[in-house]
Amino acid sequence: MGLINKTQEEYYLGPDGLWNSHDEDYGGYQFVPINDIINTFMVAYVGEDKNISKVKRTDVQFHAMRAIQEFSFDMLPQDKSIEIEVPPGLFFILPQDYVNFTKVSWTDNQGIERPIYRTNITSNPKAFLQDGAFEYMYDNDGNVLKADQSETLKRWNSDASNSVANNNNAFNLNNPDLLSLYAYGRRYGIDPELAQANGTFYIDNANGVVRFSSDLNGRIVTLKYISDGLGSDEDMVVHKFAVDAIYKYILHAVLSTRANTQEYLVARYKRELSAARRNAKIRLSQLKSELIVQVMRNQSKWIKH
Amino acid sequence: MAVSIDTVYQRVLAILNKEQRGYVTPQEFNLFANQSQLDIFEQYFYDINQFGRLSGNDTEFSDMLNILNEKINIFEANAAMVWNTTTLHWTPPANLYRIGSIVYENTITTKSLYPTPNTVVTTKVPVEAERINYNEYLAIAQSGMTKPTNSRPVFVANTSGYKVYGASEVTLTDVKCNYIKKPTEAAWGYQMIYGEALYDSTASTNFELHASEETELVIKILEFAGLAIEDIQMYQVAAGIESQTNQQEKS
């Protein structure tokens with residue numbers, strides 16, 4: 001019995017009978033939902049004459065979800081990305097299912113994505129309010145009063161690159177090109193971290209936003225990010241290349257957290273998990289021989305130093 | 001499949017009267033019969049536990065777990081559970097002996113291309129609810145990674161009945177259970193004709209146990225009868241046979 005349970009007409013047209021109208025599940029066959037993984041695990045790995053004679057499905061559910069989380073961070077394909085136009089406030093609210101970013105870029109007129117680099121030279125600290133004597137101010141509950149915006153952020157957000165062009169003030173820069181030219185490069189030589197013209201960003205985790213340098217105002221910016229694969233039911237799927245690794249992860253997790261399990265069993269499944277995980281990683285890394293050949297053709301180039 | 005109560009009674013009487021040891025009245029026999037039936041029935045669960053720990057064998061008719069399951073399947077039943085609006089719990093069927101699985105019928109709505117585009121299709125997918133303790137429920141419901149969903153429900157049991165939780169608590173409909181029912185009470189019915197009890201099949205209820213339990217029933221009833229008529233020798237012989245059978249079956 002095959003696993004496909006739709007006709008080809010249903011697959012291509014979807015329930016509404018219209019071609020490519022976003023209700024189809026194109027490419028869905030490569031993924032397995034988490035419910036299928038949990039149910040199959042309970043059938044195939046739990047019971048009499050098996051290494052796990054009994055386990056709560058809630059435990060399996062937990063370990064399966066943890067496996068998806070772990071694998072999402074470094075192995076499963078992550079295609080999440082969001083594009084916005086940077087507002088004058090120079091921020092980008094982090095997506096609901098954001099865990100970490102992989103790449104931030106702005107799109108030029110040709111549609112080419114130009115990488116934007118993360119900077120360490122600024123941040124958005126909490127700004128305590130002070131009175132005329134520089135002492136902290138408190139509210140009625142005895143908590144320190146804080147400003148809505150830190151002075152650091154205000155200054156970073158001010159249109160410094162334009163004002164630099166006008167007054168040539170080397171201390172009001174946040175355009176990295178100008179910064180390296182006026183502040184760093186001039187005195188100590190170029191700093192590679194700052195030697196690019198695409199702008200910079202940093203993640204303001206306290207406020208859940210990405211903040212950009214002022215030169216990116218109005219630009220089209222794309223955030224590529226990773227999630228943990230558990231944000232929604234549609235997300236809770238595993239690529240078929242990684243299904244075996246998920247089973248091994250659950251097996252090892254259940255056995256290693258259970259009291260009185262023979263250590264050789266734990267060790268066996270630890271090794272099996274390691275091997276399955278490596279296989280999945282290799283398969284999912286999209287290494288194609290033709291691509292490797294194409295890249296290796298570069299070897300005949302002369303590299304000048 | 002059932003074991004004829006009259007056959008068992010006649011055998012018991014025949015063995016007891018063999019050496020004029022005594023007589024078991026129909027009333028006494030009915031009491032001993034039901035005691036024996038329950039005794040044998042309850043032992044199935046412990047035997048399954050015992051044989052579940054062994055590797056078993058691949059023969060067609062002699063794997064102990066298969067044999068025991070065949071005996072117990074006679075009592076396995078499915079029924080819809082009833083939502084009690086007073087106690088706000090699910091009430092099990094009246095003849096429940098042991099609960100097996102509680103099944104929640106998860107309603108899934110999808111759209112289909114057939115017979116016409118965008119036809120709404122509603123299907124009920126039965127999913128087993130997992131048994132947990134109430135204190136566990138309090139913990140797992142707090143965590144996004146473990147909390148129950150409609151496709152992975154849980155249930156909690158207490159004296160009022162059962163609580164079933166999917167994405168929210170399940171009430172009113174859509175809960176069924178798979179359970180072991182109580183064996184029907186066996187009765188040797190009779191009519192008094194000329195001062196003698198004559199078997200009346202219309203007033204009798206046979207043993208529900210598997211046909212293979214006939215011998216076991218006779219021996220167990222003989223044990224009780226031996227005690228009742230104060231024939232210790234009878235009791236010892238019957239108990240010896242039972243012990244020998246058990247040893248042979250379970251070693």
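Now for a look at the structure at hand. (Residues numbered from 1 in each chain as written. Chains lettered and ligands numbered in written order. Predicted model: local features only at pLDDT ≥ 70, side-chain atom pairs only at ≥ 80, totals over all residues. Heavy atoms only, no water.)

## Digging into helix H5 (residues 214–228) of chain B
Residue and element names in this part refer to chain B. Put simply, the test is: Numbering of helices and strands runs from the N terminus, with a helix taken as a DSSP run of H or I at least four residues long and a strand as a DSSP run of E at least two residues long. By this rule, a helix spans an expected 1.5 Å times one less than how many residues it contains. Each residue gets one of three labels from its accessible area relative to the maximum for its type: buried under 20%, exposed over 50%, partly exposed in between, using a 1.4 Å probe on protein chains only. It only takes one pair of heavy atoms within 4.5 Å for two residues to be counted as in contact.
Its 15 residues give H5 an end-to-end C-alpha distance of 21 Å, which sits within 8% of 21 Å, the value for a rise of 1.5 Å per residue. Within H5, burial applies to Glu214, Glu216, Leu217, Val218, Ile219, Lys220, Ile221, Leu222, Glu223, Ala225 and Gly226. The secondary structure elements touched by the buried residues of H5 are helix H1 (5–17), helix H2 (26–52) and helix H6 (232–250). Phi for Glu230, located one or two positions after H5, is positive at around 55°.

## Describing the packing of aromatic side chains
Describing an aromatic ring pair means giving the distance of the ring centres and the angle of the ring planes. The condition is simple: Whether two aromatic rings pair depends on their centres lying within 6.5 Å, for rings of Phe, Tyr and Trp, where Trp uses its six-membered ring; planes under 30 degrees apart make the pair stacked, over 60 edge-to-face, and the rest tilted. When the NZ atom of lysine or the CZ atom of arginine is within 6 Å of a ring's centre and also within 35 degrees of its normal, the charge is said to sit over that ring.
Tallied over the entire structure, the rule returns 26 aromatic pairs over all chains. Between B:Tyr137 and B:Tyr165, the ring centres sit 3.9 Å apart and the planes meet at 20°, which makes this aromatic pair stacked. Taken together, the residues span a long stretch of sequence, with B:Tyr137 in helix H4 (residues 134–140) and B:Tyr165 in strand E7 (residues 161–165) at a distance of 28 residues. Across the pair, exposure class does not vary: B:Tyr137 and B:Tyr165 are buried alike. Taken together, the ring pairs connect B:Tyr9, B:Phe29, B:Trp188, B:Tyr190 and B:Tyr199 into an aromatic cluster. Geometry around A:Trp106 places A:Arg219 over its ring, the cationic atom sitting 4.1 Å from the centre. Seen from the ring of A:Tyr29, A:Lys240 lies directly overhead, with NZ or CZ sitting 3.3 Å from the centre.

## Side note on the nonpolar core
This is how the line gets drawn: Only buried Ala, Val, Leu, Ile, Met, Phe, Trp, Tyr and Cys residues count toward a nonpolar core, and they belong to the same one when joined by side-chain atoms within 4.5 Å.
Of all hydrophobic cores here, the largest spans 38 residues; its most connected members are A:Phe41, A:Ile52, A:Val238, A:Ile246 and A:Ile250. Secondary-structure elements contributing two or more residues to this core are helix H2 (34–45), helix H3 (57–74), helix H7 (243–257) and helix H8 (263–284) of chain A. No other element matches the 10 residues that H7(A) contributes to this core. The contact partners of A:Val238, leaving out residues within four places of it in the chain, are A:Gln30, A:Phe31, A:Val32, A:Ile37, A:Ile68, A:Leu76, A:Val243 and A:Ile246. Formed by 33 residues, the second largest nonpolar core is a distinct cluster that contains B:Ile5, B:Val12, B:Leu16 and B:Leu65.

## Description of a nonpolar patch on the surface
In plain terms, the rule: The residues that make up patches have over 30% relative accessible area and no salt bridge, and they are joined within 9 Å when like-charged or within 5 Å when they are Val, Leu, Ile, Met, Phe, Trp or Tyr. Here the open area of atoms and residues is found with the Shrake-Rupley method and a 1.4 Å probe, where only the protein chains shown may cover a residue. Salt bridges are counted wherever a side-chain nitrogen of Lys or Arg sits within 4 Å of a carboxyl oxygen of Asp or Glu.
A contiguous nonpolar surface patch, about 370 Å² in accessible area, is contributed by A:Leu3, A:Ile4 and A:Tyr29. Relative to the helices and strands, A:Leu3 resides in the segment before helix H1 (8–13).

## A short note on the interface of chain A and chain B
The line we're drawing: Note on definitions: buried area is the accessible-area loss of two parts on being combined, 1.4 Å probe, summed for both. We call two N or O atoms a polar contact when they sit within 3.5 Å, provided that within protein one can donate a hydrogen and the other can accept it, with sequence-adjacent residues counted only if both atoms are side-chain atoms. Asp, Glu, Lys and Arg are counted as charged, while Ala, Val, Leu, Ile, Met, Phe, Trp, Tyr, Cys and Pro are counted as nonpolar; the rest, among them Gly, fall into the polar class.
On the side of chain B, 25 residues touch chain A, which itself brings 22 residues to the contact. Here chain A packs against chain B, burying approximately 1,800 Å² in sum over the two surfaces, 48% of which is carbon and sulfur. For the chain A face of the interface with chain B, the top three residues by lost area are A:Pro15, A:Arg57 and A:Thr58, together amounting to 32%. For the pair chain A and chain B, the interface holds 1 salt bridge. With a shortest N-O distance of 2.3 Å, A:Lys56 and B:Glu136 are connected by a salt bridge. Joining chain A to chain B, the criterion identifies 13 residue pairs in polar contact (both at pLDDT 80 or more). Of all elements in the fold, only H1, H2 and H3 of chain A reach the threshold of two or more residues within the side of chain A that touches chain B. Class assignment of the residues belonging to the side of chain A that touches chain B gives a composition of 7 nonpolar, 7 polar and 8 charged.

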